[in-house]
Amino acid sequence: MDRQPDRLQLTGAAGLSALLVSVLVALGYAGLVLGVQRTVMYPAPAAPPVAPVLDGTGAERIALGPAGEREAWLLAPMIEGTGPAPAVLFAHANAEIIDDWLHAFGPLRSEGFAVLLVEYPGYGRTPGKPTEATVTEAVIAGYDALTRRPDIDSARIAAWGRSLGGGPACNLAAARPVSALVLESTFSSARSLAMRSGVLPFLVLDPWDKLACLARYSGPLLVIHGEQDTLIPPSHGRRLAAAVEGAQWLGLPCGHNDCPRPWDAVVEFLSAPVDGGHDPPGP
């Protein structure tokens, strides 16, 4: 008796089982990536429950957010000026908090610049959860607070982002009229970086697409990157510099976390004459 139909039925059942297993594996992979990626992207270090004493540092604690729940520090210039001071809003990397940067900007402050350190939601003593939207919102709130201060020149507020901080700094530059933008050791987009680890781009919740962001920015841009950076290859920095006409590229002989600040180059860049600030796109 011919048993061919039974064999075809068994073959079809095996194919359906294999397809079901593949679907379950794909769903499990997607669920794992979606579930852990923000923990990987935003590894906020532990912070002292009480902020350090700022007396004698020239720093002022600023409360941001609807209830003043977000922490920021304004580091005053170290020299007296003849009027409102230019300012730099600094956005730190993903495994840092503002406490790490309290004493890092002496060379810039000694040239008359104020520096604003904005803490991200879920970092340090600031409540909340970090996402592209919430971190960007915090940085924009810091910028807006600076513009309301009589001791700050609102036409000379620059943005500087390091590593992950390049994302909120870039988003700020696309949303507000910053006078200049510095991107240090940062990636062109989280999706392009994720592909190096085998993560499918459409699964990235926070794309931090700086190339799309820079398409809406036409002001001065300085890109700093370590030529030996294995975490974020320098090709990312070069793509960012190529995205804005007239941008400056500064490649350094170092990796990702061992690059000394090129203060002379940064001060010269930020001290250049300002044309009134970059105008963000309309609504």
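First, a word on scope: everything that follows refers to the structure included in this document.

**Things to note about the sheet that holds strand 4 (residues 114–118)**
And then number 1: Here eight strands make up an open sheet; going across it, the order is 1-2-4-3-5-6-7-8 and the pairing mixed. Unpaired on one side and paired on the other, strand 1 (59–64) and strand 8 (248–252) mark the two borders of the sheet. When strand polarity is set aside, the average angle formed by the axes of neighbouring strands in this sheet is 20°.
And then number 2: Bridging between strand 6 (residues 181–184) and strand 7 (residues 221–226) involves four bridges; their strand directions are parallel. Among the inter-strand pairings, Leu 181 is bridged to a residue of strand 7, identified as Leu 221.
And then number 3: Sitting on the sheet, helix 4 (residues 166–175) touches strand 3 (85–91), strand 5 (152–162) and strand 6, and the angle it makes with strand 5 is about 145°.

**Structural notes on the pairing of strand 6**
And then number 1: Alternating residues of strand 6 divide into Leu 181 and Leu 183 and Val 182 and Glu 184, and every residue in both groups is buried.
And then number 2: Summarising the sheet, strand 5 and strand 6 pair through four bridges and their orientation is parallel. Bridge assignment links Arg 162 to a residue of strand 6, and that residue is Glu 184.
And then number 3: Between strand 5 and its parallel partner strand 6, the chain crosses via helix 4, and the hand of that crossover is right-handed.

**Comments concerning the environment of Glu 69**
And then number 1: As for its placement among the helices and strands, Glu 69 is situated in the loop between strand 1 and strand 2 (70–75).
And then number 2: Between the C-alpha atoms of Glu 69 and Gly 128, which are 59 residues apart in sequence, the distance is 9.5 Å.
And then number 3: A polar contact is formed between the side chain of Glu 69 and the backbone nitrogen of Ala 67, at a distance of 3.0 Å.

**Concerning the pattern of salt bridges**
And then number 1: For the structure on display, the rule yields 10 salt bridges.
And then number 2: The residue Glu 60 makes a salt bridge to Arg 149 at a minimum N-O spacing of 3.0 Å. Of this pair, Glu 60 sits in strand 1 while Arg 149 sits in the loop between helix 3 (132–147) and strand 5, placing them 89 residues apart in sequence.
And then number 3: According to the relative accessible area criterion, Glu 60 is partly exposed, its value standing at 36%.
And then number 4: Across the pair Glu 96 and Arg 162 runs a salt bridge, and its minimum N-O distance is 2.8 Å. Of this pair, Glu 96 sits in the loop between strand 3 and helix 2 (106–109) while Arg 162 sits in strand 5, placing them 66 residues apart in sequence. The same class applies to Glu 96 as to Arg 162, namely buried.

Reading the values: rules and limits
- Residues numbered from 1 in each chain as written.
- Predicted model: local features only at pLDDT ≥ 70, side-chain atom pairs only at ≥ 80, totals over all residues.
- Heavy atoms only, no water.
- Pairing = 2+ DSSP bridges.
- Helix = DSSP H or I, 4+ residues; strand = E, 2+ residues; numbered from the N terminus.
- Axes fitted to C-alpha atoms, helices over the stretch in contact; angles between N-to-C directions.
- Contact = heavy atoms within 4.5 Å.
- Buried < 20%, exposed > 50% of the residue type's maximum accessible area, 1.4 Å probe, protein only.
- Right-handed = clockwise from strand over helix to strand, strands pointing away.
- Polar contact = N/O pair within 3.5 Å; in protein donor to acceptor, adjacent residues only side chain to side chain.
- Salt bridge = Lys/Arg side-chain N within 4 Å of Asp/Glu carboxyl O.

All we've got here are geometric facts, nothing functional implied.
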